[in-house]
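# A look at the structure
Here is how the chains run, residue by residue.
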Amino acid sequence: MASDSQPAEFLEETLVSRNVYIGERRTSIRLEPIFWEALGRIADRENTTKNALIQSAVERPEGTVTSRVRAFILAYYMTKNRRQTQLLRKFVAARSAEP
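Rules used throughout
- Throughout this description, residue numbers start from 1 for each chain and increase along the sequence as written.
- Two thresholds apply to this predicted model, a pLDDT of at least 70 for residue-level local features and 80 or more for giving and counting side-chain atom pairs, whereas whole-chain, interface and lining totals are computed over all residues.
- Note that water and hydrogens are dropped before the side-chain values are worked out from all heavy atoms of the structure.
- Criterion used throughout: strands pair if DSSP finds at least two bridges between them.
- What counts as a helix is a DSSP run of H or I of at least four residues, what counts as a strand is a run of E of at least two, and both are numbered from the N terminus.
- Contacts between residues were defined by any pair of non-hydrogen atoms, one from each residue, lying within 4.5 Å.
- The salt bridge definition used is simple: a Lys or Arg side-chain nitrogen within 4 Å of an Asp or Glu carboxyl oxygen.
- Categorising residues by exposure relies on relative accessible area from a 1.4 Å probe, with only protein chains included: less than 20% of the type maximum marks a residue as buried, more than 50% marks it as exposed, and the intermediate range marks it as partly exposed.

Examined bridge by bridge, strand β1 (residues 16–22) and strand β2 (residues 25–31) share 7 bridges and lie antiparallel to one another. Bridge pairing in β2 links Val20 to Thr27. In this structure, the hairpin formed by β1 and β2 is closed by a connection of 2 residues, where Gly23 is found at a positive phi of approximately 65°.

Once that is clear, we can look at the environment of Phe72. Looking at the element boundaries, Phe72 is found in helix α4 (residues 65–97). On a C-alpha basis, the gap between Phe72 and Leu53 in space is 8.5 Å, while along the polypeptide they are 19 residues apart. With sequence-adjacent residues up to four places away left out, Phe72 is seen in contact with Leu53, Ser56, Ala57 and Arg60.

A word on the pattern of salt bridges. The tally for this structure, following the rule as stated, stands at 3 salt bridges. Of the charged contacts in the structure, one is a salt bridge between Glu32 and Arg70, with a shortest N-O distance of 3.1 Å. Of this pair, Glu32 sits in the loop between β2 and α2 (33–45) while Arg70 sits in helix α4, and the two are 38 residues apart along the sequence. For Glu32, a relative accessible area of 22% gives the class partly exposed. One salt bridge in this structure joins Glu37 and Arg41, with 2.6 Å as the shortest N-O distance. Residue Glu37 and its partner Arg41 are both found in helix α2; the two are separated by 4 residues, about one turn of the helix. Residue class for Glu37 comes out buried when judged on its relative accessible area of 7%. Since its relative accessible area comes to 40%, Arg41 is described here as partly exposed.

Here's what the structure looks like:
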């Protein structure tokens, strides 16, 4: 996994195909390396597996499996960012309210 690469480097890499399980069914999906890396980081952070995350992602009815996985990853990071922003705002408000 590439870890400290610049965004442009991720865009130049080709799709990577990996075998995954969706329920009992083995299939393969192709994602850009940055999405595989993000999926691995989310799995580590949430103490789960990539397959479990993919299973959660594909429960949404619309789109292809790969588009649902990409949307899941984006939504995960957007939600995390929103929570961090809210906590930061509360912290700043509390600090500015101090005498």
